[in-house]
Amino acid sequence: MKEKIDIDTWIRKDHFNFFSTFGEPFFGVTVDLDCTATYKEAKEKAVSFFLLYLHKSLAAANAIEPFSYRIIDGEVWKYDCVNAAATINRPNGTFGFGYLDFYADFNEFKLLADQEIEKVQATTGLIPSASGENVIHYSALPWLNFTSLSHARNFAFQDSCPKISFGKVRDENGRKIMPVSIHVNHALMDGYHVAQFVDAYQALLNQK
């Protein structure tokens, strides 16, 4: 479900009108997050670390309203839930696109996510996911400890979905630290909202 935002009465009307004219309206930041507790949780429960931190990222994104905004035909819409359109890595070094629905309960999320991952890994193509607008584009680069990241973009295609990428986990002073890149459309949100997401995500990563 989604509801239309009245741009004329929206507090970000001027910001939206300004950044909507940009050829590249996205901005991005890369932050280091402490995933020690979540890493230990995954080991203790014998579950996928990737799925656990991905689920917590989706939970954080769904808690920060601007991450549910999308631009459709020049109008702003708010979705009641956002899901994941994620790259799924294969053992042979390729990847495919998978669609993972968000459920507040991790076990329910994991059940369907495992099925989607198995389906993608059993194929050889990209399998472009017919996921719609209410997704966040996720990717994982577990081989790279990056400090910044850019994305391939087709500028002929209007895109307003946030893009979140996870990097290589490193050990630092007894903690597990993971770089996370966050790219969002400036017509829909600002650095303040990205900071809200980062704080919410870190709080969830700290919890078991």
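Here the structure is a predicted model, which means the values were calculated and not measured. (Residues numbered from 1 in each chain as written. Predicted model: local features only at pLDDT ≥ 70, side-chain atom pairs only at ≥ 80, totals over all residues. Heavy atoms only, no water.)

> What should I look at first to understand the packing of aromatic side chains in this one?
Each aromatic ring pair is specified by the distance between its two centres and by the angle formed by the two planes. Throughout the structure, instances matching the rule amount to 15 aromatic pairs. Taken together, a centroid distance of 5.2 Å and an interplanar angle of 80° make the contact between tyrosine 39 and phenylalanine 49 edge-to-face. Of the two residues, tyrosine 39 sits in helix α2 (residues 36-45) while phenylalanine 49 sits in helix α3 (residues 49-63), which places them 10 residues apart along the sequence. The class for phenylalanine 49 is buried, based on a relative accessible area of 17%. (Phe/Tyr/Trp six-rings, centres within 6.5 Å; stacked < 30°, edge-to-face > 60°. Helix = DSSP H or I, 4+ residues; strand = E, 2+ residues; numbered from the N terminus. Buried < 20%, exposed > 50% of the residue type's maximum accessible area, 1.4 Å probe, protein only.)

> Please explain helix α5 (residues 191-205) as it appears in this structure.
Side chains of residues three or four places apart in an α-helix project in the same direction, reflecting 3.6 residues per turn. Between the first and last C-alpha of α5 there are 21 Å, a value that for 15 residues agrees with the 21 Å anticipated at 1.5 Å per step. Of the residues making up α5, those classed as buried are His193, Val194, Phe197, Val198, Tyr201, Gln202 and Leu205. Those residues of α5 that are buried are in contact with β2 (26-34), α2, α3, β8 (163-166) and β10 (175-185). (Expected span 1.5 Å × (residues − 1). Contact = heavy atoms within 4.5 Å.)

> Hey, could you run me through the sheet that holds strand β3 (residues 69-72) in this one?
Backbone hydrogen bonds are what pair the strands of a sheet, in a parallel or an antiparallel way. Strand order in this open sheet of 3 strands is β1-β4-β3, and the pairing throughout is antiparallel. Only two strands of the sheet have a single neighbouring strand rather than two, namely β1 (2-4) and β3. Each strand of the sheet is rotated relative to its neighbour by a mean of 35°, with strand direction disregarded. One ladder, built from 4 bridges, connects β3 with strand β4 (residues 75-79); its direction is antiparallel. (Pairing = 2+ DSSP bridges. Axes fitted to C-alpha atoms, helices over the stretch in contact; angles between N-to-C directions.)

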